[in-house]
Amino acid sequence: MKVVHLACFVVLFFALEIWSIEFIVEENTEDLDKLFDWEVDGIVSRSVLRKGRFQRSTSNGDDSGESVAGDDNIVLHSYKVKTTITSRLANTMVQTKVENRAKHSQNLVFDVQIPKGAFIHNFTMNVNGITFTSSVKEKSAARSQYAQARAKGKAAGILRSNALDMENFKAELNVPGGTKVQFEIHYQEPIRRKLSTYEHIIPVQPGRLAKHLEVDIHIIEPQGLSFVHVPQLPGEEVVGVPTITKGEKKAHVSFKPTVAQQRKCPTCSSTTIDGNFVLTYDVKRDTKAGELEIFNGYFIHYFAPDNLEPLPKNILFVIDVSGSMWGLKMRQTVEAMKTILDDLRSNDQFSVLDFNHNVRCWRDSLVQASNAQTEAAKKYIEGIHPNGGTNINDALLRAIFILKEASNMGMLDPSSTSMIVLVSDGDPTVGELKLPTIQKNVKKNIQDDISLFCLGIGFDVDYDFLKRLAQENNGMAHRVFGNQETSSQMRKFFNQVSTPLLKKLEFNYPQEMVSDVTHNSFQNYFGGSEIVVAGKVDTANTQHLQSVITATASNAQLVLETLADVEGLDDFLNKDKHADPKFTEKLWAYITINQLMAERNMAPTAALKRNITKQILQMSLDHHIVTPYTAMLIESPNGDELMLADSPQDRKRACCPGALTLGATKPDNSIPPWATPTSKDPLSQVRGPTAAAVHQGSLVIGQAPTENPIPSWVKPTSKPGGPLAVVMGPTISAVHAGPLLLGQANNSTSSLNRKNPTDSNRIHSVDNDPHFIINLPRQQKNICFNIDSEPGAILNLISDTQSAIAINGQLVGAKKSLNNKLHTYFGKIGFNFEKKGIKVEVSTEAITLKDGSSSTSFSWSDTGSLIRRRVLVSVNRDSNVTITVDGELSFMVILHRVWKKHPINVDFLGIYIPPASNFSSGVHGLIGQFMIEPDVQVYNERPGQEPGKSLATMEVKGHKLTVTRGVQKDYRLNRVFGTGVHCWFVHNNGKGFLDGSYRDYLVPSLYSYLKRL
């Protein structure tokens, strides 16, 4: 038996090399008959077997009695597949119960396909009431024990796996007539996300009609399920329909075709069930910072952001056109390349190299992926005629040279990512022939920021070599088989790596809280995929775990933060009977073992290889899984019969990728040293809550502070002269315990929150429907007025053509009038920083920063900050957004949510602007005109008609106005009730206090300047 790790594993032995296992079986079937009749959920309990007593079955039992016996008188009583998926970790059990009804001995076969990347961890057989159980041991020790048993005549045979695109586990028993046998195998595998979908493939190949055939799947996803589909059933003519029951976080899928539905035709004795049962689903994602799940002392960090601008690609296609590619392989490759070239984006750069014994370049340097260039490249590829040998070494070195030369000449976008895609079907036959030397040559010449992706075609390719090449150089390898599907397989592979969204990613966690963390440094993140990091958590001494991810995005640096309660999943998972209580531990072990296997492949010394092998062996034994360094012994209770299942490695197949992600981890020497950024570093302007703050009992999620850096345990990925940083902070939903203060002022929040809002020398504001509060700090007065206009009207708040800043708000109306008046509110606010080429639109739905033709959006469910050209946009989840220019000029927009079914009210925005000297003397607008404080005199205060609302006379701008003493609300600290601000209220839309009429401040767009009054 053999296990395949992550992307693929190793062809071991072909079917001809599978040994038959012959047993001398006593013809006493009484106990086994009971065994078939008494089950628990269709699965024989091992505890029941050991105790020799049985429990009544809760399964549906056999089919209606319809005959399923074949010409060989072998009856398949049941074929059951049961899978439980707990947070992307699938545990699968395949069980068959088969009977030899012939009067003579014959073979009963258990032949199961297991997906590449799965770990087999248990196998049992029950023959005439005798249960054979399995144990995992070090390979040489297991083989020695097997050899000793064989010498004594107690060894029945060897179980081994063979593989193509799947792994086969095959057991074959020669048994007397009347014998019933139950086979059962268990394996586990993480479900990888590709092209925005998780796909779980279950091979269902009973080989004959089954009285009871069932595929049963339970899905438990704490993140929540967005969809669950079954796009493929196991057979082209299958009649049965799967049943899907989907809840918010759980789903159940069941497929139970009857015997009639299994038949190829009404009178056929053969089955149409022969293929893959395919399940697809995806989970809900509320934040860009990923999902941090903690359970039973382990954490799993899932990271799959979307809605990011793709990075430009610099890509070299290196295509093998040797003689072995002649015919179907080449035709399929040409068809795939034509589609791939059409899919390139206009800001990508590319070229094509083809090689046999020589290397040819379609273009000697990278060219822009315009329509004309891609069409020319397609014509070039169509004219290729395969012949000659295979010179992989020179082809790769030439591709590396072209990328390096383009970089040295400044032809590459600083935010772009560079990659080489090698397509080959065989070993080198010309030039450098030694595979280790080719690896060394590539590693020596390639730059750390270039990723090498290898696509192996056919059965003869040395996939292990391609795997190592890719792993060592920030890439991944994939194998397709030379058939009619080659073209679609190639396109699907390229689609997985065609949309790079982030590069140079670092996942950081407090060192004192975590240990044994899997690889946390990655060269690329591709859209539609998912990066997974796991580790152990000291849950006894911490209540929360914080993570900080740093990465390079298009024109910006990202710092993504999240926070999770270490007991946040306990109630949910402990109450679900199908959830795997050890899913975090198993997934951590799976990733760790695979990464150790990859490290062993690249280890430079024999001593290091031995050390890594010891680690793999110990983890394999601890977690009872079969790897290339362990074997599974299968024996009867008294040890009279013994079988061995092991996995000798085939040099034509690779072992495993380095991480659960598309794009291999960055090599250690490319990881920047840990550092605490200085106050001049862009990262110092943004930070999330530190672990220390959590343990002190409070957590402030606010705007981007300027005093404190990000935690010292974070590895920033910023580089001198590069783009500035983005921070995504912890989400409210991630914090299930402990005090949480939202928007409360503290020493590290922005200047807009640093003082009490009732301190009147700080702020101008517009809020509610809409109420304006103008602060006159020199005269220690607040003046208020309302603006009543129509829905859709756009009001200018700030217009400064000299400073090139415009701020406008668009009104939205209530759902209906109240007391014959339709209230209006700000539904959108636009900021135009023209000199910087930046526009920001804040609506009740999203926050969007526009930089020329590109844009970046955040939803109000995010917490974080984006800096572009010294314009910092900081979002506080479902609360507010702060916009800071050059670290000096700040604006805050507050979100007001109302009940969606409210008969009148709608969601709206408020804006808060501190008086600033950053504007020119020509600044104007409903608020801008008061940046230069006018002289205001208020006198003759007298009682008004309403108690507590006195009247007074105000002189301003040559006008005498009657004003009313009142209270307006500042909602920065309390968005529900607000904080009272005493002011003098000017009636009639601020007439007399404003320059001109309020209608003079209407503008045509969110980014327009005010016409001169």
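Described below are features of the structure shown in this document. (Residues numbered from 1 in each chain as written. Predicted model: local features only at pLDDT ≥ 70, side-chain atom pairs only at ≥ 80, totals over all residues. Heavy atoms only, no water.)

1. Thoughts on the overall build of the chain
A tally of regular secondary structure across the chain gives 15 helices and 55 strands. Scored against the burial criterion, the 1013 residues of the chain give a buried share of 59%. Residue pairs at least 24 apart in sequence account for 70% of intrachain contacts in the chain once pairs closer than 6 positions are excluded. As presented, the chain carries roughly 40,100 Å² of accessible surface, and 47% of it is formed by carbon and sulfur atoms. (Helix = DSSP H or I, 4+ residues; strand = E, 2+ residues; numbered from the N terminus. Buried < 20%, exposed > 50% of the residue type's maximum accessible area, 1.4 Å probe, protein only. Contact = heavy atoms within 4.5 Å. Areas by Shrake-Rupley, 256 points an atom, 1.4 Å probe, with all protein chains shown as cover.)

2. Re the side chain of S415
In this structure, S415 sits in the loop between α7 (392–408) and β24 (417–424). With relative accessibility at 5%, the residue S415 sits in the buried group. For S415, the residues in contact, after removing those within four places along its chain, are L311, P312, K503, A553, S554 and N555.

3. Observations regarding the state of the cysteines
What we call a disulfide is simply a covalent bond connecting the sulfur atoms of a pair of cysteines. Tallied over the entire structure, the rule returns 2 disulfides. Paired by a disulfide, C265 and C268 hold their sulfur atoms 1.8 Å apart. What sets the handedness of the C265 and C268 disulfide is the S-S torsion sign, and at about 95° it is right-handed. Residue classification places C265 among the partly exposed residues on the basis of a relative accessible area of 25%. Each sulfur in the disulfide pair C784 and C983 lies 2.0 Å from the other. Across the S-S bond linking C784 and C983, the dihedral sits near -125°, which makes this disulfide left-handed. (Disulfide = S-S within 2.5 Å.)

4. Regarding the packing of aromatic side chains
Geometry of an aromatic ring pair is reported as the spacing of the ring centres plus the angle between the planes. Going through the model one piece at a time under the given rule, you end up with 22 aromatic pairs. Ring geometry for F255 and F277: centres 5.7 Å apart, planes at 40°, overall tilted. One end of the pair, F255, is in strand β16 (residues 250–255); the other, F277, is in strand β17 (residues 275–283), with 22 residues separating them in the sequence. F277 gets classed as buried once you look at its relative accessible area, which sits at 0%. A centroid spacing of 4.7 Å and a plane angle of 45° characterise the contact between F299 and Y509, whose relative ring orientation is tilted. With F299 in strand β19 (residues 298–303) and Y509 in the loop between β27 (500–508) and β28 (514–515), the pair connects residues that are 210 residues apart, well separated along the chain. A single burial state applies to F299 and to Y509, both of which are buried. Following the ring pairs from residue to residue traces out a cluster consisting of F110, F123, F169 and F183. Directly above the aromatic system of F993 lies the positively charged group of K957, at a separation of 6.0 Å from the ring centroid. Note that R965 overlies the ring of W984, its terminal NZ or CZ placed 5.0 Å from the centroid. (Phe/Tyr/Trp six-rings, centres within 6.5 Å; stacked < 30°, edge-to-face > 60°. Lys NZ or Arg CZ within 6 Å of the ring centre and 35° of its normal.)

5. Observations regarding the sheet that holds β28
One open sheet holds the 4 strands; their spatial order is β18-β19-β30-β28, and the pairing between them is antiparallel. Two strands lie at the open edges of the sheet, namely β18 (291–295) and β28, each paired on one side alone. Pairing between β28 and strand β30 (residues 531–537): 2 bridges, direction antiparallel. For V514, the partnering residue across the bridge sits in β30 and is V537. Here helix α12 (residues 583–602) sits on the sheet and contacts β18, β19 and β30; the angle it forms with β19, its principal contact strand, is near 70°. (Pairing = 2+ DSSP bridges. Axes fitted to C-alpha atoms, helices over the stretch in contact; angles between N-to-C directions.)

6. Let's talk about helix α9 (residues 463–472)
Because the α-helix completes a turn every 3.6 residues, residues three or four places apart line up on one side. In terms of residue burial, α9 counts as a mostly covered element, since 10 of its 10 residues are buried. Within α9, burial applies to Y463, D464, F465, L466, K467, R468, L469, A470, Q471 and E472. Of the surrounding secondary structure, the elements contacted by the buried residues of α9 are α7, β24, α8 (435–445), β25 (450–457), β26 (477–480) and α12. A positive backbone phi angle near 65° is found at N474, which sits one or two residues after α9.

7. A look at the pattern of salt bridges
Scanning the model with the defined rule gives 35 salt bridges in all. A salt bridge links E221 to R88; the shortest N-O distance between them is 2.9 Å. Taken as a pair, E221 in the loop between β13 (210–220) and β14 (225–232) and R88 in the loop between β2 (74–86) and β3 (89–100) lie far apart in primary sequence, 133 residues in all. Linked through salt bridges whose partners overlap, the residues forming this network are R88, R193, E221, D282, R285 and E530. (Salt bridge = Lys/Arg side-chain N within 4 Å of Asp/Glu carboxyl O.)

8. Considerations on the packing of helix α5 (residues 328–342) against helix α6 (residues 371–382)
In a packed pair of helices, the relevant descriptors are the angle between the two axes and the axis-to-axis distance. Relative to each other, α5 and α6 sit at 175°, their axes nearing to 10 Å. Compared by their axis directions, α5 and α6 come out roughly antiparallel. The residues of α6 that touch α5, namely those facing V334, M337, K338, L341 and D342, are T374, E375, A377, K378, I381 and E382. Here the contact of α5 with α6 is composed, by residue class, of 5 nonpolar, 1 polar and 5 charged. (Parallel < 35°, antiparallel > 145°, perpendicular 65-115°, else oblique. Nonpolar A, V, L, I, M, F, W, Y, C, P; charged D, E, K, R; others polar.)

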